[in-house]
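Next come the chains, spelled out residue by residue.
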Amino acid sequence: MKLTYSIYYPGGNTTALVNQLILDPALKKKINDQIMSLNPLVEQVGFVSQRSNRLEMAGGEFCGNATRCAAFYYLKGRPGKIKINVSGVRQKLSAGIDQKNNCWAQIPVKKLVKKQKYSVVILEGITQVITNGKATQNKAKAILKKLNLLNAVPAAGVMFIQKSTGQIKLNPFVWVRDIKTFFNETACASGTAAVGVFLANKSNQSVNLPILQPSGEKLQVLVKYISRSLFQVTISNPIKLVKENLYDSI
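A quick note: this is a predicted structure, and the numbers were derived from the prediction, not measured.

Overview of the overall build of the chain
Within the chain, the secondary structure is distributed over four helices and 17 strands. In terms of overall size, the chain behaves like a compact globule, its C-alpha atoms giving a radius of gyration of 17 Å where 250 residues would be expected to give roughly 18 Å. Across its three principal axes, the chain shows a C-alpha extent of roughly 50 × 40 × 35 Å. Residues classed as buried in the chain amount to 55% of the 250 residues present. Taking contacts inside the chain between residues at least 6 apart in sequence as the whole, the part at least 24 apart equals 57%.

Things to note about the pattern of salt bridges
Should their charged atoms come close, side chains of opposite charge can pair. Applying the stated criterion to the full structure yields four salt bridges. Measuring nitrogen to oxygen at the nearest pair gives 2.7 Å for the salt bridge that ties lysine 28 to glutamate 56. Residue lysine 28 is found in helix H1 (residues 25–38), and its partner glutamate 56 is found in strand E4 (residues 54–57); the two are separated by 28 residues along the sequence. For lysine 28, a relative accessible area of 4% gives the class buried. A relative accessible area of 11% places glutamate 56 in the buried class. Of the charged contacts, one joins aspartate 33 and lysine 29 as a salt bridge, the two residues approaching to 2.7 Å between their closest N and O atoms. Here the residue aspartate 33 and the residue lysine 29 both occupy positions in helix H1, the gap between them amounting to four residues, near one helical turn.

Comments concerning empty space enclosed by the protein
With the rule as written, the count across this model stands at one cavity of 30 Å³ or more. Looking at the largest cavity, its volume works out to about 170 Å³. Along the walls of the largest cavity sit 24 residues, with Gln44, Glu61, Val174, Val176 and Glu185 positioned nearest its centre. Listing elements by their share of the lining of the largest cavity, those giving two or more residues are H1, strand E3 (44–48), helix H2 (64–74), strand E12 (167–176), strand E13 (181–184) and helix H4 (189–203). Its residues placed into classes, the lining of the largest cavity shows 14 nonpolar, seven polar and three charged.

Here we look at the environment of isoleucine 235
With respect to the helices, strands and loops of the structure, isoleucine 235 is situated in strand E16 (residues 230–237). Judged by its relative accessible area of 0%, isoleucine 235 is buried. Taking the C-alpha atoms as reference points, isoleucine 235 and tryptophan 175, 60 residues apart in sequence, are found 21 Å from one another.

Some remarks on the packing of aromatic side chains
Within this structure, the stated rule accounts for four aromatic pairs. Across from the ring centre of tryptophan 175, 5.4 Å away, lies the NZ or CZ of lysine 141, which sits over that ring.

Concerning the layout of surface pockets
Considered as a void within the structure, the largest pocket measures approximately 270 Å³ in volume. Together, 14 residues line the largest pocket, and Ile130, Thr131, Asn132, Ile161 and Phe198 are the ones closest to its centre. For the lining of the largest pocket, the secondary-structure elements that each account for two or more residues are strand E9 (118–123), strand E10 (126–131), strand E11 (155–164) and H4. Residues of the lining of the largest pocket, tallied by class, amount to six nonpolar, four polar and four charged. Considering only enclosed or pocket space, the second largest pocket measures out at about 220 Å³ in volume. Taken together, 13 residues line the second largest pocket, and the ones lying closest to its centre are Gln106, Phe231, Gln232, Val233 and Thr234. Of all elements in the fold, only strand E7 (103–107), strand E15 (218–227) and E16 reach the threshold of two or more residues within the lining of the second largest pocket.

Some details on the nonpolar core
One broad trend across soluble globular proteins is that nonpolar side chains are buried collectively. Core analysis: the largest hydrophobic core is formed by 72 residues, its most contacted members being Leu55, Ile84, Val195 and Val233. Ranked by the residues each element gives to this core, the list is headed by H4, at eight residues. In this structure isoleucine 84 touches Asn53, Arg54, Leu55, Thr67, Ala70, Tyr74, Lys92, Leu93 and Ala95, once residues within four positions along its chain are discounted. Residues Val153, Ala156, Phe173 and Trp175 belong to the second largest nonpolar core, which totals 17 residues.

Section: unusual backbone geometry
Most peptide bonds take the trans configuration, and most residues that are not glycine carry a negative phi. You will see that asparagine 13, though not glycine, has its phi angle at about 60 degrees, which is positive. Note that asparagine 13 resides in the loop between strand E1 (2–9) and strand E2 (15–18). Among the residues examined, asparagine 13 registers a relative accessible area of 1% and is labelled buried.

A look at the side chain of asparagine 32
For asparagine 32, the position within the fold is in helix H1. Residue classification places asparagine 32 among the buried residues on the basis of a relative accessible area of 0%. Beyond its immediate chain neighbours, meaning those up to four positions away, asparagine 32 contacts Val45, Ala58, Ile179 and Thr181.

About the thresholds
- Residues numbered from 1 in each chain as written.
- Predicted model: local features only at pLDDT ≥ 70, side-chain atom pairs only at ≥ 80, totals over all residues.
- Heavy atoms only, no water.
- Helix = DSSP H or I, 4+ residues; strand = E, 2+ residues; numbered from the N terminus.
- Rg over C-alpha atoms; globule rule 2.2 N^0.38 Å.
- Buried < 20%, exposed > 50% of the residue type's maximum accessible area, 1.4 Å probe, protein only.
- Contact = heavy atoms within 4.5 Å.
- Salt bridge = Lys/Arg side-chain N within 4 Å of Asp/Glu carboxyl O.
- 1 Å grid on protein atoms, 1.4 Å probe; cavity = no way out; pocket = protein on both sides within 12 Å on 5 of 7 lines; lining within 4 Å.
- Points joined across faces, edges and corners; volume = space filled by probe spheres on them.
- Nonpolar A, V, L, I, M, F, W, Y, C, P; charged D, E, K, R; others polar.
- Phe/Tyr/Trp six-rings, centres within 6.5 Å; stacked < 30°, edge-to-face > 60°.
- Lys NZ or Arg CZ within 6 Å of the ring centre and 35° of its normal.
- Core = buried A, V, L, I, M, F, W, Y, C linked by side-chain atoms within 4.5 Å.

In structure tokens form, the structure reads like this:
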């Protein structure tokens, strides 16, 4: 089986998109593992349809940065707006590129809840835990285990946040259940959205601010605060096409 794929840099969280929609879980995992072995900087793999605007992640989860990369792919890097079907999400999501070349995507936030001492933001296709303190992978995994999130949802993350020199810094750890990847990601769009929801809920008002990623770049989060249980969230920043139409055989 011959495949082509391209690699994108959405402000960190380097993403590979395979130019073929594949739904078989075992085959998706095999392709995911092979692309990651050939490209050590790739943190996630998605599959895009040639017939419609559709993105399927290797683990069947939702991924905000991959959604933005798929929008970039379908719009060929030019300004515009599309609706896109994304794994883990029931409704189509809006995404696009603005006139300043920022690639943005709607993030499907459902609600924020308190579990034990943690703020947990539930999205369709992924759940994010907000906390602070020293960030380590062992600590992140222990939190997910404590909250029963290692197996209960397609993907879950722990977003360690820290305020420094007037800005918020994010250190994200993300576990994807079905393909068993656990990355200290260099950027996380859904996690950034979760932090924005956490801050909006804390202040009872909308927020629009950049959040610093481990990559050194900033993702802009816009949260329209409607009520304590209703939010409209988008994430944006520019995307770079790193490599195009790479070939592989499975």
